[in-house]
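# Per-entry structural report
For reference, the chains in residue letters:
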Number of protein chains: 6
Amino acid sequence: MMEKNEIWLPTLITKTAQEGFELAIKLSRMGVKSAQPNIEILKKLRPVYSEDANGLLSSSQIAAINFQTIAAANNYWR
Amino acid sequence: MMEKNEIWLPTLITKTAQEGFELAIKLSRMGVKSAQPNIEILKKLRPVYSEDANGLLSSSQIAAINFQTIAAANNYWR
Amino acid sequence: MMEKNEIWLPTLITKTAQEGFELAIKLSRMGVKSAQPNIEILKKLRPVYSEDANGLLSSSQIAAINFQTIAAANNYWR
Amino acid sequence: MMEKNEIWLPTLITKTAQEGFELAIKLSRMGVKSAQPNIEILKKLRPVYSEDANGLLSSSQIAAINFQTIAAANNYWR
Amino acid sequence: MMEKNEIWLPTLITKTAQEGFELAIKLSRMGVKSAQPNIEILKKLRPVYSEDANGLLSSSQIAAINFQTIAAANNYWR
Amino acid sequence: MMEKNEIWLPTLITKTAQEGFELAIKLSRMGVKSAQPNIEILKKLRPVYSEDANGLLSSSQIAAINFQTIAAANNYWR
């Protein structure tokens, strides 16, 4: 279970586009974690997220939405 | 049931990106609550939101959309 | 059935973020109403919108998309 | 079947927010029509779009996405 | 199968909003084609895209997302 | 399995709109890869992504979202 005061998102700014993409994937995972903080239940669901094609496509879509936010925050690393 | 005049969203401005992400998750919950204000019915549905992989992915996607709005409101905490 | 010339959306401007969120939910309902103006058919479908977890999540997602539009219109109530 | 050279979208500009919302719904229908121009097949599918709760929610979501575009085009009718 | 060096998207700029909408639909088709370049497999799947209500709604939604991009590129044909 | 330090996304800038679209499709694939880095499991799921109509539509939708980001980064290749 996440520590209540743990800082896991200090900033949206990243050095490169690729790091921004990795942060987008992290945000997607945190969205699921926030909706279900109990790690035991999450563990049981993990196969859906990582071994089910539709679950993986959903994860990829959420990452794409988050990447829009992060890319704008970084002025698209231009 | 939510008090009719209760103020639960005074502002979109948050101090940090992480607080903005937490507000995004709160907004997602309020979207469901607004569509079904009866707390007894909501309670029966809760397992879908918190223990069903696809329900959790949907919640995470809604949070990602709300986070776009909140991040823009905060000028991405730059 | 909605009066053909009824004005139900005079403006996207609201006084507060919370009123903007409520307008977003109203827009989501109007989207469904516009696609099916027959109130009798809508009544039969209502349980899906309000008592089915996936229906509620879909409604919440549409509200989140509409809230993006309304928040931008209001310059995020900054 | 739509005339090949018929002009059905001369502009995204509308006088009011409500007319913009109605245009958003029209665009959603045109999206489906463009993917399946055969009117006989469309007629058979119509019950899904207008009497199936999930079909109506999908239509409403597409309208919400189109409304974002139209609202931006109209500078949110500010 | 698409020629490897074929240019099918020279620009996002179109003369009118309607041409922009048609380009949005073309982009949606190209998205599917890019994920499955084998034309024989695509042919077998075609009935889902054009005769299945949910498939048509998905296509319409993708077109709506692409239309956002194209409309912004054209400064909304203002 | 992807090398941990491999640079696969050096920039969002592309010469043409079409190259931007191809990058959008690459990003969609990387989103799935990041959620499931085990190449053996990915191989088993591949038929869903490339031979299932709904899987292809989901892929196309993710590409459309990524294309929004890339098009904005490139100022729409205007």
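Residues numbered from 1 in each chain as written. Chains lettered and ligands numbered in written order. Predicted model: local features only at pLDDT ≥ 70, side-chain atom pairs only at ≥ 80, totals over all residues. Heavy atoms only, no water.

### Describing the overall build of chain A
We apply this condition: Helix numbering and strand numbering both begin at the N terminus, where a helix is a DSSP run of H or I of at least 4 residues and a strand a DSSP run of E of at least 2. Between buried and exposed lies partly exposed: a residue is buried under 20% and exposed over 50% of the maximum accessible area for its type, with that area taken using a 1.4 Å probe on protein chains only. The contact criterion used throughout is that any non-hydrogen atoms of two residues lie within 4.5 Å. Residue-level accessible areas treat just the shown protein chains as cover; the underlying method is Shrake-Rupley with a 1.4 Å probe. Lys and Arg are tallied as positive, Asp and Glu as negative. Neither His nor the chain termini are counted. Charge placement uses NZ in Lys and CZ in Arg. For Asp and Glu, CG and CD serve respectively.
Of regular secondary structure, chain A possesses 3 helices and 0 strands. Counting helices and strands in the order they occur from the N terminus, chain A gives α-α-α. Per-residue burial for chain A yields a buried fraction of 56% across its 78 residues. If you take every contact in chain A between residues at least 6 apart in sequence, the share linking residues at least 24 apart comes to 56%. Per element, the accessible surface of chain A, about 3,800 Å² overall, is 52% carbon and sulfur. Looking at charge distribution, chain A has the averaged site of its 9 positive side-chain charges lying 4 Å from that of its 7 negative ones.

### Some points on the nonpolar core
Here is the rule we go by: To qualify as a nonpolar core, a set must consist of buried Ala, Val, Leu, Ile, Met, Phe, Trp, Tyr and Cys residues joined through side-chain atoms within 4.5 Å.
In this structure, Leu12(A), Leu12(B), Leu12(C), Leu12(D), Leu12(E) and Leu12(F) are the most contacted members of the largest nonpolar core, which totals 108 residues. Counting 66 residues, the second largest nonpolar core, distinct from the first, contains Val32(A), Ile65(B), Ile41(E) and Leu57(F).

### Concerning the packing of helix 1 (residues 17–35) of chain D against helix 1 (residues 17–35) of chain E
Basically, it comes down to this: Note on method: axes are straight lines fitted to C-alpha atoms, helices fitted across the in-contact stretch only, with angles between N-to-C directions ranging 0 to 180 degrees. Reported orientations rely on four angle classes, namely roughly parallel under 35 degrees, roughly antiparallel over 145, roughly perpendicular from 65 to 115, and oblique for the rest. The handedness criterion is simple: a crossing whose near helix is rotated anticlockwise from the far helix by less than a right angle is left-handed, and one whose near helix is rotated clockwise is right-handed.
It is the contact of helix 1 of chain D with helix 1 of chain E, at a shortest axis distance of 11 Å, that shows an interaxial angle of 55°. On the basis of the axis angle, helix 1 of chain D is oblique to helix 1 of chain E. Regarding helix 1 of chain D and helix 1 of chain E, the two cross each other, and that crossing is right-handed. Between helix 1 of chain D and helix 1 of chain E, the contacting residues are Leu27(D), Met30(D), Gly31(D), Ser34(D) and Ala35(D) on the first element and Phe21(E), Ile25(E) and Arg29(E) on the second.

### As for the interface of chain A and chain B
Inclusion rule: Accessible area that two parts lose when put together, evaluated with a 1.4 Å probe and summed over both, is termed the buried area. What makes a salt bridge here is a side-chain nitrogen of Lys or Arg within 4 Å of a carboxyl oxygen of Asp or Glu, nothing more. A 3.5 Å cut-off defines polar contacts: any pair of N or O atoms within that distance qualifies, except that in protein one atom must be a possible hydrogen donor and the other a possible acceptor, and neighbouring residues in sequence count only when both atoms are side-chain atoms. In this classification, Asp, Glu, Lys and Arg are treated as charged, Ala, Val, Leu, Ile, Met, Phe, Trp, Tyr, Cys and Pro as nonpolar, and every other residue, Gly included, as polar.
Across the boundary between the two partners, chain A contributes 32 residues, which contact 22 residues of chain B. Between chain A and chain B, the buried area comes to about 2,300 Å², and carbon and sulfur atoms account for 67% of it. Across the contact surface, chain A and chain B share 0 salt bridges. On inspection of chain A and its partner chain B, the count reaches 9 residue pairs in polar contact (both at pLDDT 80 or more). Secondary structure elements with two or more residues in the side of chain A that touches chain B: helix 1 (17–35), helix 2 (39–51) and helix 3 (53–73) of chain A. Per-class residue counts for the side of chain A that touches chain B are 18 nonpolar, 13 polar and 1 charged.

### Regarding the environment of Ala71(E)
Among the secondary structure elements, Ala71(E) is positioned in helix 3 (residues 53–73). Judged by its relative accessible area of 0%, Ala71(E) is buried. Taking the C-alpha atoms as reference points, Ala71(E) and Leu57(E), 14 residues apart in sequence, are found 21 Å from one another. Not counting residues within four places of it along the chain, the set of residues in contact with Ala71(E) comprises Leu12(D), Thr69(D), Tyr76(E) and Trp77(E).

### Looking at the relation of the copies chain E and chain F
Going by this rule: Copy-to-copy alignment: least squares on C-alpha atoms, limited to residues at pLDDT 70 or above in both.
Rotating chain E by 60° and moving it 0.0 Å along the rotation axis overlays it on chain F with an RMSD of 0.0 Å. What the superposition gives is, in effect, a six-fold axis relating one chain to the other. By C-alpha distance to the rotation axis, the residue of chain E lying nearest is Ile65(E), at 6.9 Å.

### Digging into the interface of chain E and chain F
Between chain E and chain F, the contact holds 31 residues from the first and 22 residues from the second. Buried area between chain E and chain F, summed over both chains or domains, comes out near 2,300 Å², and the portion from carbon and sulfur atoms is 66%. The three residues of chain E that bury the most area against chain F are Ile62(E), Ile65(E) and Thr69(E), which together make up 20% of that side's buried surface. Summed over the shared surface of chain E and chain F, the number is 0 salt bridges. Summed over the shared surface of chain E and chain F, the result is 9 residue pairs in polar contact (both at pLDDT 80 or more).

### Notes on the relation of the copies chain A and chain B
Structural alignment of chain A on chain B gives an RMSD of 0.0 Å, achieved by rotating through 60° and translating 0.0 Å along the axis. By residue overlap, the copies meet through two different surfaces: only 12% of the interface positions of chain A are interface positions in chain B.

### Focus: unusual backbone geometry
Here Trp77(D), not a glycine, exhibits a phi torsion of approximately 55°, which is positive. With respect to the helices and strands, Trp77(D) occurs in the segment after helix 3 (53–73). Even without glycine at this site, Tyr76(F) takes up a positive phi of about 60°. Its location among the elements puts Tyr76(F) in the segment after helix 3 (53–73).

### Some details on the arrangement of the chains
Nothing in chain B touches chain F, and the closest approach of their C-alpha atoms is 12 Å. Separated without contact, chain D and chain F have their nearest C-alpha atoms at a distance of 12 Å.

### Structural notes on the confidence of the model for chain A
Residue and element names in this part refer to chain A. Threshold: Each residue carries a pLDDT score, the predictor's confidence in it, ranging from 0 to 100.
Here chain A averages 90 in pLDDT, while 95% of its residues score no lower than 70. Of all the helices and strands in chain A, helix 2 carries the lowest mean pLDDT, 84, while helix 3 carries the highest, 95. Across the assembled chains, the prediction reports ipTM 0.90 with pTM 0.94.

### Side note on the packing of aromatic side chains
Cut-off, in case you're wondering: Stacked, edge-to-face and tilted are the three classes for Phe, Tyr and Trp ring pairs, Trp counted by its six-membered ring, which pair at centre distances within 6.5 Å; planes under 30 degrees apart are stacked, over 60 edge-to-face, the rest tilted.
As enumerated under the stated definition, the model contains 18 aromatic pairs over all chains in all. Measuring from centroid to centroid gives 5.8 Å for Phe67(A) and Trp77(A), while their planes differ by 15°, and the two rings are stacked. With Phe67(A) in helix 3 and Trp77(A) in the segment after helix 3, this residue pair connects regions lying 10 residues apart in the sequence. The exposure class assigned to Phe67(A) is buried, which follows from its relative accessible area of 0%. Between Phe21(E) and Phe67(E), the aromatic rings sit 5.3 Å apart at their centres with planes inclined by 75°, giving edge-to-face as the arrangement. Linking Phe21(E) in helix 1 with Phe67(E) in helix 3, this pair joins segments that are 46 residues apart in sequence.

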